[in-house]
Amino acid sequence: MTEKAPLLHYRLSTCPDPKDAFKHSGTKAGRGGRQSKDQSTRKLGVVFGVVIPTLLSMFSVVVFLRIGFVVGQAGLYQSIAMFLVAYFIITMTVLSVCAISTNGAIDAGGAYYMISRALGPEFGGSIGIMFFFANVGGSALYILGLVEAVMSSFGIPEEGAAGLHQVLPSGYWWSLLYGTALLFLCFIVCLVGAHIYAKATFIIVVIVAAVLASIFISFFIVRPAVVTLPDAPVCNRTSLSTANYTGFHLHTLEDNLLPDYTVDYTTGAMMSFATVFAVMFNGCTGIMAGSNMSGDLKNPSYSIPRGTLAAVIITFITYNLLSLLVAWSCERPLLQKDYSFLGDINIWPPLVTVGIYASTMSASMSNLIGASRILYALSKDNLFGGVLALARKTSRSGNPWASVLVSWLLVQVVLFAGKLNTIAGIVTIFFLLVYAAVNLACLALEWASAPNFRPSFRCFTWHTCTLGILGCMVMMFLINAIYAFASIAFMLLLLMLIHYLGPISNWGYISQALIFHQVRKYLLRLDVRKDHVKFWRPQLLLMVANPRNCTGLITFINDLKKSGLYVLGHVKLGVLDGLPSDPLQSCYDSWLSLVDHLNIKAFVNLTLADSVRHGVQNLLFITGFGGMRPNTLVLGFYDDCTPQDDLQGKVLQSRGHGFDAVSPTTDPNEQRTPFFPNVRGADDPKDIQEEEYVSVIADAVKMGKNVTLARYFNQFNREVVLGSGKKIGGNRSKMGPLVEVWPLNLLRPDSGGYVDTCSLFLLQLACVLRETRAWSQARLRLFLCVEDGCSLKEEEEMKLRVMLKELRMSAQVQLVVWDQVVALHWQRRGSGGGGVVESAQNEETKDGREEEEANKFPSNAAQLTDEYICAVNNLIRRQGSPQPAVRFLYLPRPPADTSRYRGYLHHLDLLSQNLGPTLLIHGVTPVVTTDL
C-alpha cells in the first residue's frame, strides 16, 4: 500500500478526468502523461462522433438505391419481415455493444477493442481481422453503389439514344475507373484526418435529411406518371420499357404485398429471400460506425450507447415507412427494373441524385476510416508480430496514415468485383460474424460473473446476447452456407495462429474467468462424503527441491496420474518475518513455464517454511479444494547421488526464453525469464537430513496419505523408454516397456503374504500406469516369492491369478524361489536364527498389535542384516531380464521409534541399490474393488 499511494496520487493529478485515473491501473505511472495527450486529441461528441456516422452508414445504398429492389422482389410482407429480423439481430448486438462500452475505458479500435479486451487476444485478433475485412468490403460496396448511380444518370446506354446529360462511357473497365477515382477522393479525405470527415458529415447529413424529406413529400404531392425504365446491361431483358407510378392506390398495394422473385437486371442472377436479405442487411451494418470512432470520441462510454440506439431507432422507422409508401404507390415492374426510381418520382429529381452521391460517399469514407482504425489498433497490439509493423505509422496529429493507405489499397482490390450485389453476400456474412462475436463477448462476461463487469447500461441479459448470436449464425448460413463455413474456418485459423504464435497479453482472458466460475461450481458439488473406492484415482503431490535435476521423474509422475490431480510442490526455506514481500510470488512464472516446457498437466504449489518437514506438512494440509486433494505424496529418494542439470541450455520454444538467466526487469507486467538455481554440488549440504526425511514419510502416513519414494529416475528417459523398437537398458524392446511389480514386503517376509492394503495399492498404481495411452503397450510382470518344495506353491499362484482376474488386471505372474535368501533373515547378529513359524508365534504374543504391526517396520529390525537385504537386492536384479523400464517395490511403514529412522533409511537404500528407476510404495487407503 505504501508503494501504490504515490502512484494513485500522480494519476489523479495528471488525468484531466478523475475517471481516467483508473483506466490503466495495471500499467506504469509513466503512461499518465501520454494518456493526457491522447485525451486532448479526442474532440467528437455524441452527435458528430456517433449519431451522424451511424446514420450516414445506414442511409446509403439501401435507402436510395435498394429499397425498391427489396420491396419489388420480396413484397411488402417479406420486406417488413426482413427488416424485423435484421433489426432484431442488430438491436441485440447494440445492447451488447452498449453494455461493453459502458464497462470501462475504450481506446481506438471500436468493436475490435471491445472483443479483444473482453475475450482475449485470440478471439479479439481473429475477429478484428474479420471486422477489418468487413469494413473494407463495405467501403467497396458503397463505392460500387455510387458508380451504379452515376452510370444510371450520366452513363451512355449500350442501346438506344443517349440523352444530353449521358456522356460517360459505359463498360466494366470504365466503371472500375470511375470507382477508383471516387475511392481516391475518399482516401484523400481520410488521409487528412477524422476531424475533416466529421466536419464534412455535417454538410452531408443536412443534404441527406433534405433529400429524405423531399422523398416523403413527393409521395403525397407528385401525381401519377409513366416512368421510362433503364436498359438492362445483361442478356435477360423484357419487352417492358416503361412502368407506372400510380400514387397511393389500393390495387397497387395489393399487388406488392406478396413476393415475386425474378432475375436481378444488374447481375443476371436469380433472386431469393436469402440473396435479397443479404443486400438489404447492408443497410443495417453501419451500427458500428460510431464505435469505430472510439479513439476520436471525448467520452466513448457515454456517446456510443446513446448515439447508436438513436441511429437504430431513426433508421428502423424510416426504412419501414418508406417500404410502405413505395409498395402503396409504385408498380412492381418499376421497383424491379429501376433501382433509381426515387429520383424519377421526386418533385426535384436532381436532389435525390445529390443525396445518393453524398450518402454513399460518406458511408464509404466511414467504412474506410473504420477499417484503418481497426488495422491501426491491431498493429499497436502486436498480435501478428512484424506483419503489421507498417500500419503503426502515424502523422504528427496522430492520424494513422499508413493504415489508411493499406485499407485504401485493399478496397481498390475489392472494386474489381464490379457489381454491388456480387459482394453484398460475403460482406454481410463478415458483419454478421462480427456481431455474433460482440454478443458472445457480452455473454461470456455476463456468465463469468466477474465483479468488475458492472456496466452502467443494464438493458441487456444473457438472453439478449444468446438471441443475438443465434440470429447472426442462422442468417449467415441462410445467406450462403459456403461463405459462412469459409469465414468461420478462416477466423478459426487466425485464432490458432494468434494462440500459438502471438505474444502473451495482459488484457485478461475471459476463458480464465469462465473456467474459474465453472470449476468453483463443480468443486462445491464434489462432496468427499460421496467418495467411493470404485472411482478412486491417484491424486499426486510431487515434492521437488530443484526441477533441474528431476525432469525425468516429473514427466513419469505425469503419466502415473491417470487424469487425476497432479501438483508440483516446492518448499523454500525461510520465514516471512523481516522480508519486504513474499519471495514466492516471483517464482510462479518460472514454474508455470516449466510446466509448459515439459508439456505436463500439473498445478504448482509453493510454500515458505523454516524446515522442509514443516513445508511438506503445510502443503499436505492446504493443497487442493474439497474432494480434489492429493492422496499420495511422492518424494525423491534420499541418497548421495550427485544431481545432474537436465535443463542446462534448454529454451522455451513458445517464448524464446532460456532457463539459465534471470530477467533484469523490475516491471511486473513484463514476462520474466524462467529461472531455477543451479543444482547442488557434490560437497554442498542438503536442505534436509536423514531423520527429517523419514519424519516426512511418517507424517504423511499419519495424515492418511499414501507415500511413494522414487529412486534413479535421473536414468529415466521417457522418449527412449516409450520409443518403438528403441533400446532399453541394452536390449531392444519390440513389445513395449516392461514394468516389474514386487507386491511382497521384502523387508518382512513373515508379514503374512502379498494381499494387504499396501500390496493392492502397489498393484493398482502399476495397472494405472499401463492404462495410460503412452504406456498402453507396457507389460506388467508380477513376482511371487515362494519356498521351493512348499505344498502351497501352486495354490498361492492360483489364488494370485484369480485375484488378478477379479480385479481386471492383466499381468504375467512369475514365481521366484528364495529359500536361500529368506534363510538369511534369521541369522541374528551374534546368535543363531529361528524359523518362520517360530517368528510368527512370537509376533502373535503381542496382544492387540497384530494388525498395526503388519504395516509397520518389522519389530525384529535388529534381525535384518545387511547381508539379507543385499541378497534380496541381488534376487531382484537377477530377475531383471530384459531390463525393466521401472520397478514397483513394497515400502514398509516407518518405525514408531525415531531413533531407528537412520536404520530404516539405510535398509531402503540397500534394498533399492542399482535397480534402475524404482518406486517404493506404501499405501494406506483401499483402492480396488471387485464390485460392479
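Summarised in this report is the structure supplied together with it.

## Quick look at the overall build of the chain
Now for step 1: Broken down by element type, the chain carries 32 helices and 14 strands.
Now for step 2: Taking contacts inside the chain between residues at least 6 apart in sequence as the whole, the part at least 24 apart equals 79%.
Now for step 3: Only carbon and sulfur atoms are counted for the fraction: they give 59% of the accessible area of the chain, which is about 42000 Å².

## Brief notes about the packing of helix H17 (residues 420-448) against helix H20 (residues 510-525)
Now for step 1: Where H17 contacts H20, the two axes come as close as 9 Å, and the packing angle between them is 35 degrees. The two elements H17 and H20 meet at a crossing, and its hand is left-handed. Listed contacts from H20 to Ala444, Leu445, Trp447 and Ala448 of H17 are Ile510, Ala513, Leu514 and His517.
Now for step 2: Per-class residue counts for the contact of H17 with H20 are seven nonpolar, one polar and no charged.

## Re the pairing of strand E14 (residues 918-922)
Now for step 1: The buried count for E14 comes to five of five residues, which makes it a mostly enclosed element.
Now for step 2: Looking at chain direction, strand E7 (residues 706-711) and E14 are connected through five bridges and run antiparallel. Its bridge partner being in E14, Leu709 is matched across the sheet by Leu920.
Now for step 3: Pairing of strand E13 (residues 886-890) with E14 involves four bridges; the strand directions are parallel. The partner of Tyr890 across the bridge, within E14, is Ile921.
Now for step 4: For the segment spanning E13, helix H32 (residues 901-911) and E14, crossover handedness is right-handed.

## Digging into a positive patch on the surface
Now for step 1: Residues Arg520, Lys521, Arg525 and Lys530 make up a contiguous surface patch of positive charge.
Now for step 2: In this fold, Lys521 is placed in helix H20.

## Some remarks on the sheet that holds strand E4 (residues 566-573)
Now for step 1: Judged by pairing direction, the sheet is mixed, and its ten strands sit side by side in the order E5-E4-E3-E6-E7-E14-E13-E10-E11-E12 without closing on themselves. Strand pairing shows two members of the sheet lacking a second neighbour, strand E5 (603-609) and strand E12 (812-817), which therefore form its edges. Strand-to-strand, the axes of this sheet are offset by a mean angle of 25 degrees, without reference to chain direction.
Now for step 2: Against the sheet, helix H22 (residues 588-598) engages E4 and E5, with an angle of about 145 degrees to E5.
Now for step 3: Sitting on the sheet, H32 is in contact with E7, E13 and E14, with an inclination near 55 degrees to E7.

## A word on helix H3 (residues 46-58)
Now for step 1: Taking 1.5 Å per residue as the helical rise, H3 with its 13 residues ought to reach 18 Å, and the 17 Å between its terminal C-alpha atoms agrees with that figure.
Now for step 2: Remark: the principal bend of H3, roughly 25 degrees, maps to Ile52, with a proline, Pro53, within the next four residues.
Now for step 3: Every buried residue of H3 is listed here: Gly49, Val50, Val51, Ile52, Pro53, Thr54, Leu55, Leu56, Ser57 and Met58.

## Things to note about the pattern of salt bridges
Now for step 1: Taken as a whole and assessed by the stated rule, the structure comprises twelve salt bridges.
Now for step 2: Taking the shortest distance from any N to any O, the salt bridge between Arg613 and Asp699 comes out at 2.6 Å. Remark: Asp699 occurs in helix H24 (residues 690-702) and Arg613 occurs in helix H23 (residues 612-622); sequence separation between them is 86 residues.
Now for step 3: For Arg613, a relative accessible area of 29% puts it in the partly exposed group.
Now for step 4: Between Arg902 and Glu690 there is a salt bridge, with its nearest N and O atoms 2.3 Å apart. With Arg902 in helix H32 and Glu690 in helix H24, this residue pair connects regions lying 212 residues apart in the sequence.
Now for step 5: Overall, the relative accessible area of 49% leaves Arg902 in the partly exposed class.
Now for step 6: Here Glu690 falls in the partly exposed class, since its relative accessible area comes to 25%.
Now for step 7: Linked through salt bridges whose partners overlap, the residues forming this network are Asp639, Arg711 and Asp909.

## Some details on the packing of aromatic side chains
Now for step 1: A complete count under the given rule lists 31 aromatic pairs for this structure.
Now for step 2: With 6.1 Å between their ring centres and 70 degrees between their planes, Phe453 and Phe460 make a pair best called edge-to-face. Across this residue pair, the class does not change: Phe453 and Phe460 are buried.
Now for step 3: Ring pairing ties together the aromatic residues Phe131, Phe273, Phe277, Phe281, Phe431 and Tyr435, which thus form one cluster.
Now for step 4: Looking at Arg66, its charged tip hangs above the ring of Phe69, at a distance of 5.9 Å from the centre.
Now for step 5: Above the ring of Tyr638, the side-chain terminus of Lys686 is found at 3.9 Å from the ring centroid.

## Some points on a nonpolar patch on the surface
Now for step 1: Together, Ile217, Phe220, Ile221, Phe248, Leu321, Leu324, Trp328, Ile347 and Trp348 give the surface a local cluster of nonpolar side chains, amounting to about 880 Å² of exposed area.
Now for step 2: For the nonpolar patch, the secondary-structure elements that each account for two or more residues are helix H8 (194-221) and helix H12 (300-329).
Now for step 3: Secondary-structure assignment places Ile221 in helix H8.
Now for step 4: The exposed category is assigned to Ile221, whose relative accessible area is 53%.

## Quick notes on the nonpolar core
Now for step 1: If you look at the biggest cluster of nonpolar residues, it comprises 160 residues, and the most contacted ones within it are Ile90, Phe219 and Tyr319.
Now for step 2: The element best represented in this core is helix H4 (residues 61-101), accounting for 23 residues.
Now for step 3: Excluding residues that lie within four positions of it along the chain, Tyr319 makes contacts with Met58, Phe59, Val62, Val63, Ile67, Phe83, Tyr87 and Gly283.
Now for step 4: Ranked by size, the runner-up nonpolar core spans 59 residues in total, among them Val544, Leu594, Val741 and Leu919.

## Looking at the packing of helix H6 (residues 121-154) against helix H15 (residues 349-381)
Now for step 1: Running from amino to carboxyl end, H6 crosses H15 at an angle of 160 degrees, the nearest separation of the two axes being 8 Å. When the axis of H6 is compared with that of H15, the two are roughly antiparallel. Handedness of the crossing formed by H6 with H15: left-handed.
Now for step 2: Split into classes, the residues belonging to the contact of H6 with H15 amount to 19 nonpolar, eleven polar and no charged.

## Quick word on the pairing of strand E2 (residues 242-245)
Now for step 1: Of the two faces of E2, the one holding Ala243 and Tyr245 is buried and the one holding Thr242 and Asn244 is not buried anywhere.
Now for step 2: Relative to E2, strand E1 (residues 225-228) runs antiparallel, the two sharing four bridges. Counterpart to Val226 in the pairing with E2 is Asn244.

## Observations concerning the environment of Met270
Now for step 1: Here Met270 lies in the loop between helix H9 (250-255) and helix H10 (273-281).
Now for step 2: Excluding anything up to four places from it in sequence, Met270 contacts Tyr261, Thr262, Val263 and Thr275.

## Some thoughts on the side chain of Thr54
Now for step 1: Assignment of secondary structure puts Thr54 in helix H3.
Now for step 2: Looking at Thr54, the relative accessible area reads 0%, which means it is buried.
Now for step 3: A polar contact is formed between the side chain of Thr54 and the backbone oxygen of Val50, at a distance of 2.7 Å.
Now for step 4: Each residue touching Thr54, except ones within four places of it in the same chain, is listed here: Gly286, Ile287, Ala289, Gly290 and Ala311.

Cut-offs applied
Residues numbered from 1 in each chain as written. Predicted model: local features only at pLDDT ≥ 70, side-chain atom pairs only at ≥ 80, totals over all residues. Heavy atoms only, no water. Helix = DSSP H or I, 4+ residues; strand = E, 2+ residues; numbered from the N terminus. Contact = heavy atoms within 4.5 Å. Areas by Shrake-Rupley, 256 points an atom, 1.4 Å probe, with all protein chains shown as cover. Axes fitted to C-alpha atoms, helices over the stretch in contact; angles between N-to-C directions. Left-handed = near helix turned anticlockwise from the far one by under 90°. Nonpolar A, V, L, I, M, F, W, Y, C, P; charged D, E, K, R; others polar. Buried < 20%, exposed > 50% of the residue type's maximum accessible area, 1.4 Å probe, protein only. Pairing = 2+ DSSP bridges. Right-handed = clockwise from strand over helix to strand, strands pointing away. Patch = residues over 30% accessible without salt bridge, like charges linked within 9 Å, V, L, I, M, F, W, Y side chains within 5 Å. Salt bridge = Lys/Arg side-chain N within 4 Å of Asp/Glu carboxyl O. Lys, Arg positive; Asp, Glu negative; His and termini not counted. Charge placed at Lys NZ, Arg CZ, Asp CG, Glu CD. Expected span 1.5 Å × (residues − 1). Bend = angle between axes of the 7 residues up to and from the residue. Phe/Tyr/Trp six-rings, centres within 6.5 Å; stacked < 30°, edge-to-face > 60°. Lys NZ or Arg CZ within 6 Å of the ring centre and 35° of its normal. Core = buried A, V, L, I, M, F, W, Y, C linked by side-chain atoms within 4.5 Å. Parallel < 35°, antiparallel > 145°, perpendicular 65-115°, else oblique. Polar contact = N/O pair within 3.5 Å; in protein donor to acceptor, adjacent residues only side chain to side chain.

By themselves these figures say nothing about function.
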